[in-house]
Amino acid sequence: SGSKKKRIVNELLRFGLIRLEYKGKSRTVHLFKAAWKYLDMEPPKSTGTGGAIHQFWVREIARTLRKRGYDVHVEFALGPARKRVDVVAFGETKIGVEVALTSLEQELRNIREDLACDVLDRVIVASPDEAFLKRIKASAERDDAIRPHLHKIQFRLLNHEEKHA
């Protein structure tokens, strides 16, 4: 039940075994080394860069695109500048996905660099934070380097009920 879960999470927080991370409507639990030691388990190997929420969404998007038949790569370097993209999917179209959780400036830079590599047919900017996603879209529409390529860009809201890219 909800009250039991809340009590357990509060106890784990009180003992310093976990940290909660929030971004938009997403919440993840990060286990500290002491928690893994207590469980007598090894923590999972990290995939990609970024925090737990970023890694969660990168894995979910990669899994969804694989199910759709794409050849998927995480943190893949593209073009002569070797620009790293969160998720790249090769199939009938070449898709790059940026999981947007950081600053507006960083996300606009990612979009510009993804477009500049001139490899991708489509760039998807995905975020669990609807307000942040709207700010990115509005800024992209005003950006001189991005505006001519808006037809190649999709802005997608990520949510736990509907995990897809």
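Computed from a predicted structure; not experimentally measured.

Visitor: Explain the pattern of salt bridges to me, using residue names and the numbers behind them.
Guide: Summed over the entire model, instances satisfying the criterion amount to eight salt bridges. The residue Asp 143 makes a salt bridge to Arg 112 at a minimum N-O spacing of 2.7 Å. A residue pair is termed long-range when its members are at least 10 positions apart, and Asp 143 in the loop between α5 (130-142) and β7 (153-157) and Arg 112 in helix α4 (residues 104-116) qualify at 31 residues.

Visitor: Just give me the short version of the sheet that holds strand β4 (residues 83-90), but keep the residues and values in it.
Guide: Reading across the sheet, the five strands line up as β3-β4-β5-β6-β7 and stay open at both edges, with mixed pairing between neighbours. Pairing within the sheet leaves two strands with one partner each, and these edge strands are β3 (71-78) and β7. Strand-to-strand twist across the sheet, computed as the mean angle between neighbouring axes with direction ignored, equals 30 degrees. Strand contacts of α4: β4, β5 (94-99), β6 (122-127) and β7, with the helix running at about 60 degrees to β4, the strand carrying the most contacts.

Visitor: With reference to specific residues and values, describe the packing of α4 against α5.
Guide: Two numbers describe how α4 lies on α5: the axes approach to 10 Å, and their chain directions differ by 55 degrees. On the basis of the axis angle, α4 is oblique to α5. When the axes of α4 and α5 are compared, the crossing they make is right-handed. Seen from α4, the contacting residues are Leu 104, Glu 107, Leu 108 and Ile 111; seen from α5, they are Phe 132, Arg 135, Ile 136, Ser 139 and Ala 140. Residues belonging to the contact of α4 with α5 are distributed by class as follows: six nonpolar, one polar and two charged.

Visitor: Go over the nonpolar core with me, naming the residues and quoting the values.
Guide: With 19 residues, the main nonpolar core has Ile 111, Val 125, Ile 136, Ile 146, Ile 153 and Phe 155 as its most contacted residues. Broken down by secondary-structure element, the contributors of at least two residues to this core are β4, α4, β6, α5 and β7. Discounting chain neighbours no more than four positions away, the residues touching Phe 155 are Ile 111, Val 125, Leu 133, Ile 136, Lys 137 and Ala 140. Ile 53, Trp 57, Leu 65 and Leu 101 belong to the second largest nonpolar core, which has 18 residues in total.

Visitor: Can you tell me about α4, naming the residues and giving the values?
Guide: Between its first and last C-alpha atoms α4 spans 18 Å; for 13 residues at 1.5 Å apiece the expected length is 18 Å, and the two agree. Of the residues making up α4, those classed as buried are Leu 104, Glu 107, Leu 108, Asn 110, Ile 111, Asp 114 and Leu 115. Looking down the long axis of α4, one finds its buried residues gathered within 155 degrees of arc, a one-sided arrangement. Every exposed residue of α4 that faces more than 90 degrees away from the buried side is listed here: Glu 105 and Ala 116. Elements in contact with the buried residues of α4: β4, β5, β6, α5 and β7. Once α4 ends, the next one or two residues include Asp 118, with phi positive near 55 degrees.

Visitor: Describe in detail the pairing of β4, supporting the description with residues and values.
Guide: Across a regular strand the side chains alternate sides, sitting on one face of the sheet and then on the other. Burial runs high along β4: six of the eight residues are buried. Hairpin connection from β3 to β4: four residues lie between these consecutive antiparallel strands, with Gly 79 at a positive phi of about 70 degrees. Looking at chain direction, β4 and β5 are connected through four bridges and run antiparallel. Pairing of Val 88 across the sheet is with Gly 96, part of β5. Linking β4 to β5, which pair antiparallel, is a turn of three residues.

Visitor: Please give an account of the packing of aromatic side chains that cites residues and values.
Guide: Tallied over the entire structure, the rule returns two aromatic pairs. Ring plane angle 75 degrees and centroid distance 4.9 Å describe the contact between Phe 56 and Trp 57, whose orientation is recorded as edge-to-face. Classification of Phe 56 as buried rests on a relative accessible area of 17%. Trp 57 sits in the buried class, given a relative accessible area of 0%. Considering the side-chain rings of Phe 76 and Phe 90, the 5.7 Å spacing of their centres and the 80 degrees angle between planes classify their relative orientation as edge-to-face. Of this pair, Phe 76 sits in strand β3 while Phe 90 sits in strand β4, and the two are 14 residues apart along the sequence. Classification of Phe 90 by relative accessible area gives partly exposed; the value is 25%. In this structure, Arg 14 packs its charged tip against the face of Phe 15, placed 4.6 Å from the ring centre.

Cut-offs and rules
- Residues numbered from 1 in each chain as written.
- Predicted model: local features only at pLDDT ≥ 70, side-chain atom pairs only at ≥ 80, totals over all residues.
- Heavy atoms only, no water.
- Salt bridge = Lys/Arg side-chain N within 4 Å of Asp/Glu carboxyl O.
- Helix = DSSP H or I, 4+ residues; strand = E, 2+ residues; numbered from the N terminus.
- Pairing = 2+ DSSP bridges.
- Axes fitted to C-alpha atoms, helices over the stretch in contact; angles between N-to-C directions.
- Contact = heavy atoms within 4.5 Å.
- Parallel < 35°, antiparallel > 145°, perpendicular 65-115°, else oblique.
- Left-handed = near helix turned anticlockwise from the far one by under 90°.
- Nonpolar A, V, L, I, M, F, W, Y, C, P; charged D, E, K, R; others polar.
- Core = buried A, V, L, I, M, F, W, Y, C linked by side-chain atoms within 4.5 Å.
- Buried < 20%, exposed > 50% of the residue type's maximum accessible area, 1.4 Å probe, protein only.
- Expected span 1.5 Å × (residues − 1).
- Arc of directions from axis to C-beta.
- Phe/Tyr/Trp six-rings, centres within 6.5 Å; stacked < 30°, edge-to-face > 60°.
- Lys NZ or Arg CZ within 6 Å of the ring centre and 35° of its normal.

Keep in mind these values describe shape, not function.
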